[in-house]
Every structure is written in structure tokens, then in C-alpha cells.
Amino acid sequence: MRDIETILVLTGAGISAESGLATFRGPDGLWEGHRVEEICTPQALARNPALVQNFYDMRRAALARVVPNAAHHALARLDAEWPGELLIVTQNVDDLHERAGARRMLHMHGELKSALCRECGGRVRWEGTLADGPACPLCGGKGGLRPDIVFFGEMPYQMERIEEALAGADLFVSIGTSGAVYPAAGFVQTARYHGAQTLELNLDPSAGSHFFHESRVGPAGLLVPEWVGDMLGDRVTDAG
Ligand code: OAD
């Protein structure tokens, strides 16, 4: 891991599992009792708005009952102490990375604590519920607010910035993601194509494990602090 200056970290639901948030594709294949496709599509929202809005209202409320775990804290430490470039791209819609203190990060699949107005296209910070059809604080439109979540078939946020970071990364690290959803599942191949070292930290080998130079298997709460310690420790040794 010498000669690493620029790091790109991709995180998925697995990094928040030890905080008590359900992953999307558990052993029963269900996300909080639903198939992901029943909830996370524009069609589902149009067909059954109450179901989708209530579902996300519950997920948003659940954030108050969880706290960042050792893996989020380790990445926040890396953000604070890594002297080179770093970008943490999360597929997660929870706010645990930022509550742990990470700053150099973005949410490619949107955020629970944000609402998107279908009338004016604006995005607003949102803590409360949406099922009751509140007015948009930006345009005043009633009932147009939906969760600011990237549904299946919609374009993830900040893809240009992510593509740039993938092209410039010396090291790409994927944490707690099943590799089932594109474009994120293809990031490892893009990063490798551009010459990055690639490392996977996951509870079990993901669908794309074979694309990584190295795959470490175990809980994020153990593996991530260990890896961050290595990275920061190596820098001290190198400097000395
Ligand atoms: P998944 O639920 O598909 O995958 C979670 C991964 O984390 C699995 O490979 C688990 O083995 C692993 N995992 C579970 N517990 C872990 C732990 N304690 N430590 C490390 N790894 C652990 O979630 P994602 O890959 O994030 O999109 O799913 C990708 C996208 O699919 C989500 O962002 C979501 C969903 O549709 C949207 O909501 C737009």
C-alpha cells in the first residue's frame, strides 16, 4: 500500500449493519419485509404513494435510534488524518458517516434527511414525515414532496464527480456492499482500468469479489478500523 495518495472509498448497507440498520438483501431477500423493487421505484411511488412515503418516513425516524459504529468512526478518522486526497462515496441514505464526522463524502443514492419536490425540482433538508403531504418550503406546492432517494431507473447523484475520482484513484476500497446494483457495482472495474489498487472489505465475498486485487472477509466494525490503522500507520512509518 505504498505510493498511495488518492483514495476512493465506496460504502454500502453493510457498513451500517452493526449500527442496527437492515441491509437491503438479507438472508430472506427482503428489506424490512418488502422486496426492494416494491418500494424503490417511481412506479411504486405513483401506484401506492402511502406505502412508499410511510416506509421512508419510518426509515427516517429510525435514524434517531441508531448511532455510528466503529467502521463509520474509522472512516471519519481517515478523513480527518489522511493527508492526500480522499472521497467517500456512499450508497447509503442514512446519515451515519456525517454523524461520525466524515466530511469528504457524498451520497450517490440520495438521503433520508432530504426531500425532493416534484413541482419545482428543489431539494430541501427534511427531518419530519412526508406521508401527510406537506407543502414544499421552496415553491409552496402541496403534496409534491417525495423522499430524495434515487429509485431504480433514476440517475445516481454526482456521477461526473465520481467518474473523475475513479479515474484518479490510487486505491479503491469497497466496504459492505453486495455488488448487486449498478453503476456502483462497476466502480471496481473502472478504478482498476485506470490503474488503482482495489480492496474489498465485506462480511462475505460480493458478486464482484473476483474483480478486486484483495478481498478481506469479516465485519466492517473490525476490518475498517484495522485497515484505516494500517493506512495511517504506514504513513507515519514512511515519513519517519
Ligand atoms: P446490500 O444489502 O445489497 O448488501 C450489503 C452487503 O453488506 C452484503 O454483501 C453483506 O454481506 C454485507 N454486510 C452485511 N453486514 C455486514 C457487516 N457487519 N460488515 C461488512 N459487511 C456486511 O446493500 P448495498 O450493496 O448497499 O439503493 O445495496 C446497494 C443499493 O441497493 C442500495 O444503495 C439501495 C439498494 O437498492 C437505493 O436505495 C437507491
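Residues numbered from 1 in each chain as written. Predicted model: local features only at pLDDT ≥ 70, side-chain atom pairs only at ≥ 80, totals over all residues. Heavy atoms only, no water.

To continue, consider the site of the ligand. For the ligand, the set of nearby residues contains 23 residues, the closest of which are F24, R25, V150, T177 and S178. Between the ligand and S178 there is a distance of 2.6 Å, counted from an oxygen atom to a side-chain nitrogen or oxygen. Relative to its unbound accessible area of 800 Å², the ligand is 93% covered by the protein chains. Residue composition of the shell around the ligand, by class: 10 nonpolar, 10 polar and 3 charged. (Near = heavy atom within 4 Å. Polar contact = N/O pair within 3.5 Å; in protein donor to acceptor, adjacent residues only side chain to side chain. Areas by Shrake-Rupley, 256 points an atom, 1.4 Å probe, with all protein chains shown as cover. Nonpolar A, V, L, I, M, F, W, Y, C, P; charged D, E, K, R; others polar.)

Applying the stated criterion to the full structure yields 12 salt bridges. Note that K113 and E127 form a salt bridge whose closest N and O atoms lie 3.6 Å from each other. Note that K113 is positioned in strand β4 (residues 110-117) and E127 in the loop between β5 (123-125) and β6 (145-149), a separation of 14 residues in sequence. Since its relative accessible area comes to 17%, K113 is described here as buried. One network of salt bridges, with partners in common, ties together D95, R99, K113 and E127. (Salt bridge = Lys/Arg side-chain N within 4 Å of Asp/Glu carboxyl O. Helix = DSSP H or I, 4+ residues; strand = E, 2+ residues; numbered from the N terminus. Buried < 20%, exposed > 50% of the residue type's maximum accessible area, 1.4 Å probe, protein only.)

Now for helix α7 (residues 159-168). Of all the residues in α7, the buried ones are M159, I162, A165 and L166. Viewed end-on, α7 has its buried residues packed into an arc of 125°, placing them on one side of the element. Residues of α7 that are exposed and point more than 90 degrees away from the buried face comprise E160 and E164. Where the residues of α7 are buried, they touch β1 (7-11), β2 (86-90), β3 (105-107), β7 (171-175) and α8 (187-193). (Arc of directions from axis to C-beta. Contact = heavy atoms within 4.5 Å.)

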